Amino acid sequence: MGEPCTLCFPGATGPQDCGLVYLVQDDPEMAAELAGRRTAHRAAERDARGSLR
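Let me sum up the structure you'll find in this document.

### As for the overall build of the protein chain
Link 1 in the chain: Scanning the protein chain for helices and strands turns up two helices and zero strands.
Link 2 in the chain: In the protein chain, which comprises 53 residues, the proportion classed as buried is 6%.
Link 3 in the chain: Accessible surface for the protein chain amounts to roughly 4800 Å². Of this, 58% is attributable to carbon and sulfur atoms.

Here you go:
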């Protein structure tokens, strides 16, 4: 995380004017898939931090 997106078109300043973000957020199925992936990623990060202790 923290890396700039390389999929956006030139001139995009962030998610607010990225066509790809708009398409994902506008499609209920894709938005649900993204939410599920974010949840899984956060859980994996928590598990990794917990195993380092």
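### Points about the pattern of salt bridges
Link 1 in the chain: Taken as a whole and judged by the stated rule, the model has one salt bridge.
Link 2 in the chain: Two residues, Arg37 and Glu33, come together in a salt bridge whose shortest N-O distance is 2.7 Å. Of this pair, Arg37 and Glu33 both sit in helix H2 (residues 28–51), four residues apart, roughly one helical turn.
Link 3 in the chain: Taking relative accessible area as the criterion, Arg37 reaches 56% and is therefore assigned exposed.

### Overview of the packing of helix H1 (residues 19–26) against H2
Link 1 in the chain: It is at 5 Å that the axes of H1 and H2 come closest, and there the two elements cross at 100°. On the basis of their axis angle, the class for H1 and H2 is roughly perpendicular. For the pair H1 and H2, contact is made by Leu23, Val24, Gln25 and Asp26 and by Pro28, Met30, Ala31 and Leu34, respectively.

### Topic: a positive patch on the surface
Link 1 in the chain: Where like charges cluster on the molecular surface, the positive patch consists of Arg38, Arg42, Arg46 and Arg49.
Link 2 in the chain: For Arg38, a relative accessible area of 45% translates into the label partly exposed.

So, how was this worked out
- Residues numbered from 1 in each chain as written.
- Predicted model: local features only at pLDDT ≥ 70, side-chain atom pairs only at ≥ 80, totals over all residues.
- Heavy atoms only, no water.
- Helix = DSSP H or I, 4+ residues; strand = E, 2+ residues; numbered from the N terminus.
- Buried < 20%, exposed > 50% of the residue type's maximum accessible area, 1.4 Å probe, protein only.
- Areas by Shrake-Rupley, 256 points an atom, 1.4 Å probe, with all protein chains shown as cover.
- Salt bridge = Lys/Arg side-chain N within 4 Å of Asp/Glu carboxyl O.
- Axes fitted to C-alpha atoms, helices over the stretch in contact; angles between N-to-C directions.
- Parallel < 35°, antiparallel > 145°, perpendicular 65-115°, else oblique.
- Contact = heavy atoms within 4.5 Å.
- Patch = residues over 30% accessible without salt bridge, like charges linked within 9 Å, V, L, I, M, F, W, Y side chains within 5 Å.
- Lys, Arg positive; Asp, Glu negative; His and termini not counted.
- Charge placed at Lys NZ, Arg CZ, Asp CG, Glu CD.

Any link to function would need more than the numbers given here.
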